[in-house]
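Coordinate analysis (summary)
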Amino acid sequence: MNEYDSERMASIISEDAGFETARDEAGADVIILNTCSVRKHAEERAMSYIGRHIKDKKVIVAGCMAQSMKKELKKQFPRLYAIVGTFKFGEIGEIIRKGGIHTEEAKGVYSVDVRRGKKVRAFIAIMQGCDNFCSYCIVPFVRGREKSRTAVEIKKEIMELAKTGCLEVTLLGQNVNSYNDNGMNFPALLRELVNVEGIERIRFMTSHPKDLTDGLIDTVASHEKLCKHFHLPVQSGSGRILELMNRKYTADEYRQKVSKIRERIPGVSVTTDVLVGFPGETEADFMETADLVRDIMFDDAYIFKYSVRPGTKAESLGDDVPEKEKLRRLNYILDLQKKISEDINNKLLGNVYKVLCYGKSPKNKGEVLATTGNNKKIYIKGEKEMIGALFMVKLVEPRGGGTFTGEVVK
Ligand code: SAH
Ligand code: SF4
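Reading the values: rules and limits
- Residues numbered from 1 in each chain as written.
- Chains lettered and ligands numbered in written order.
- Predicted model: local features only at pLDDT ≥ 70, side-chain atom pairs only at ≥ 80, totals over all residues.
- Heavy atoms only, no water.
- Axes fitted to C-alpha atoms, helices over the stretch in contact; angles between N-to-C directions.
- Helix = DSSP H or I, 4+ residues; strand = E, 2+ residues; numbered from the N terminus.
- Parallel < 35°, antiparallel > 145°, perpendicular 65-115°, else oblique.
- Contact = heavy atoms within 4.5 Å.
- Buried < 20%, exposed > 50% of the residue type's maximum accessible area, 1.4 Å probe, protein only.
- Pairing = 2+ DSSP bridges.
- Polar contact = N/O pair within 3.5 Å; in protein donor to acceptor, adjacent residues only side chain to side chain.
- Core = buried A, V, L, I, M, F, W, Y, C linked by side-chain atoms within 4.5 Å.
- Near = heavy atom within 4 Å.
- Nonpolar A, V, L, I, M, F, W, Y, C, P; charged D, E, K, R; others polar.
- Phe/Tyr/Trp six-rings, centres within 6.5 Å; stacked < 30°, edge-to-face > 60°.
- Lys NZ or Arg CZ within 6 Å of the ring centre and 35° of its normal.
- Areas by Shrake-Rupley, 256 points an atom, 1.4 Å probe, with all protein chains shown as cover.

Contact geometry for helix α11 (residues 251-264) and helix α12 (residues 283-296): axes closest at 12 Å, N-to-C directions at 10°. Taken as axis vectors, α11 and α12 run roughly parallel relative to one another. Counting all contacts with α11, which are made through Ala 251, Tyr 254, Arg 255, Val 258 and Arg 262, the residues of α12 involved are Asp 291, Leu 292, Asp 295 and Ile 296.

Here it is as structure tokens:
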């Protein structure tokens with residue numbers, strides 16, 4: 001979502017004749033820092049970045065931290081040039097010119113008018129905000145209430161992207177499964193969007209497990225353009241902790257949903273988020289999470305250490321798992337997941353997939369990057385002419401970080 005917001009700001013700036021994008025920080029007059037508040041660590045990094053640049057540059061802080069910490073920011077950095085809240089991205093051009101504080105209460109809908117350049121893959125927000133109030137999470141406070149965009153508007157935006165050569169879109173929402181445009185639910189939206197000519201692939205995230213329906217699974221199973229990948233954050237394997245988190249599903253219900261997805265969609269990949277060190281998480285609770293990760297065998301997992309977020313319900317529960325213990329739990333799940341991902345990926349060697357080539361390899365000359373529908377990342381030999389096309393590729397070798405080396409087959 002943050003990347004999408006940065007894209008929106010960048011598109012406005014690039015169309016404004018008054019501005020030019022600098023090659024690096026040293027050459028810039030103004031630096032816009034788009035921020036995240038989901039974890040304390042992200043905020044600390046942003047603070048130290050601002051500290052490094054505030055003396056020489058006009059620094060603008062945008063996004064979730066601007067929304068939630070404007071007083072602290074102003075106090076710590078009186079020289080800050082401007083602050084742009086999550087509902088003010090659309091005004092970035094004007095804000096660069098005049099500076100100042102621009103936030104408004106996180107409610108209503110902000111403009112999602114993105115004018116963008118040619119892209120093979122693009123993000124599209126189909127909704128904003130969140131109503132779930134998981135007890136640890138700051139998102140509902142910085143992004144406001146959940147609000148779905150209309151299907152007509154979303155389809156129009158995708159049709160425009162298709163005209164510029166875009167082949168893959170990722171539909172974004174904090175919980176896409178609760179999409180609702182006057183009774184049109186998420187599976188119905190997907191069935192509408194598969195008809196957009198030129199778009200070859202549609203992805204979506206994030207799916208909240210409590211709202212994942214059979215209807216969605218069946219829809220994904222029956223349309224080729226819908227990518228066979230679910231990002232389904234589980235957070236914990238302990239029923240007690242899930243309840244304290246206000247996630248509204250049990251570990252068993254979660255397991256059953258994953259089984260159903262796998263039964264109905266062969267070759268599907270399932271990824272997750274895990275949160276360790278939630279207040280009161282005992283060793284026994286943690287072991288339930290480890291057991292779940294071991295049993296389910298996710299394709300990949302993002303693992304986070306809990307940090308207290310101001311204003312959330314969990315703030316009142318304290319933060320009683322010591323930092324050292326949180327780190328141990330984090331590393332335990334990381335190691336476990338690494339082995340699982342390796343095992344899964346090794347079994348895929350030799351398989352042939354239709355892949356979308358979307359960019360140059362950032363490190364290796366003569367190589368390009370591609371993805372499979374089920375979200376595996378593959379390096380293949382080739383030059384930039386291949387970007388923006390689909391190829392049949394055989395997975396020949398595993399590579400670091402769950403990626404592969406592949407070979408184009410006829
Ligand atoms: N809407 C998405 C998640 C958005 S936040 C969903 O419901 O899954 C992305 C991830 O950040 C969450 O899945 C959670 O694992 C993590 N996260 C959220 N709040 C956190 C906190 N206070 N401390 C650490 N990690 C957190
Ligand atoms: Fe946060 Fe829960 Fe909403 Fe996800 S669903 S954004 S974790 S409150």
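Time to look at the pairing of strand β8 (residues 168-172). Burial within β8 is extensive, with 5 of its 5 residues counted as buried. Looking at chain direction, strand β5 (residues 121-125) and β8 are connected through 5 bridges and run parallel. The residue bridging Phe 123 from the neighbouring strand is Thr 170, located in β8. Here β8 runs beside strand β11 (residues 201-205); their pairing, made up of 5 bridges, is parallel. Paired with Thr 170 across the two strands is Arg 203, which belongs to β11.

What follows covers the environment of Ser 11. Following the sequence through the fold, Ser 11 ends up in helix α1 (residues 2-15). One polar contact links the side chain of Ser 11 to the main-chain carbonyl oxygen of Arg 8, over a distance of 3.0 Å.

Across soluble globular proteins, nonpolar side chains have a tendency to be buried as a group. Membership of the largest hydrophobic core comes to 66 residues, with the highest contact counts inside it found for Leu 171 and Phe 186. Sequence-distant contacts of Phe 186, defined by excluding residues within four places in its chain, comprise Ile 126, Leu 171, Val 176, Asn 177, Tyr 179, Phe 204 and Leu 216. By size, the runner-up hydrophobic cluster in this structure holds 17 residues, among which are Ile 31, Ala 46, Met 47 and Leu 80.

Near ligand 2, the surroundings consist of Cys 130, Asn 132, Phe 133, Cys 134, Tyr 136, Cys 137, Val 139, Pro 140, Gln 174, His 208 and Arg 247. Its residues placed into classes, the shell around ligand 2 shows 7 nonpolar, 3 polar and 1 charged.

A sheet is described by the order of its strands in space; here 3 strands give the open sequence β5-β8-β11, paired in parallel fashion. Of all strands in the sheet, those bounded by a partner on one side alone are β5 and β11. Here the average twist between neighbouring strands, direction ignored, is 25°. Its contacts with the sheet put helix α8 (residues 186-193) on β8 and β11, and the angle it makes with β11 is roughly 160°.

Now for the packing of aromatic side chains. Aromatic rings in a pair are described by how distant their centres are and how their planes are angled relative to each other. Considering all chains together, one arrives at 8 aromatic pairs under this definition. Ring geometry for Phe 204 and Phe 230: centres 5.7 Å apart, planes at 80°, overall edge-to-face. Placement of the pair is Phe 204 in strand β11 and Phe 230 in strand β12 (residues 229-231), with a sequence separation of 26 residues. In terms of burial, Phe 204 and Phe 230 fall into one category: buried. With a centroid separation of 6.0 Å and 35° between ring planes, the pair formed by Tyr 249 and Tyr 254 is classed as tilted. For the residue pair Tyr 249 and Tyr 254, the accessibility class agrees, reading buried in each case. Cluster of aromatic residues (ring-pair linked, three or more members): Tyr 136, Phe 278 and Tyr 306. Sitting over the face of the ring of Phe 304, Arg 39 holds its NZ or CZ atom 3.7 Å from the ring centroid. Sitting above the plane of the Tyr 358 ring, Arg 121 keeps its charged end 3.6 Å from the centroid.

The local shell around ligand 1 holds 15 residues, among which Arg 39, Gln 174, Gln 235, Asp 273 and Ser 307 are the closest. Between Gln 174 and ligand 1, the recorded distance is 2.8 Å, taken from a side-chain N or O atom to a nitrogen atom. Interatomic distance of 2.7 Å between a side-chain N/O atom of Gln 235 and an oxygen atom of ligand 1. Protein chains shield 90% of the accessible area of ligand 1, which is 550 Å² for the free molecule. For the shell around ligand 1, the secondary-structure elements that each account for two or more residues are β13 (269-276) and β14 (300-305).

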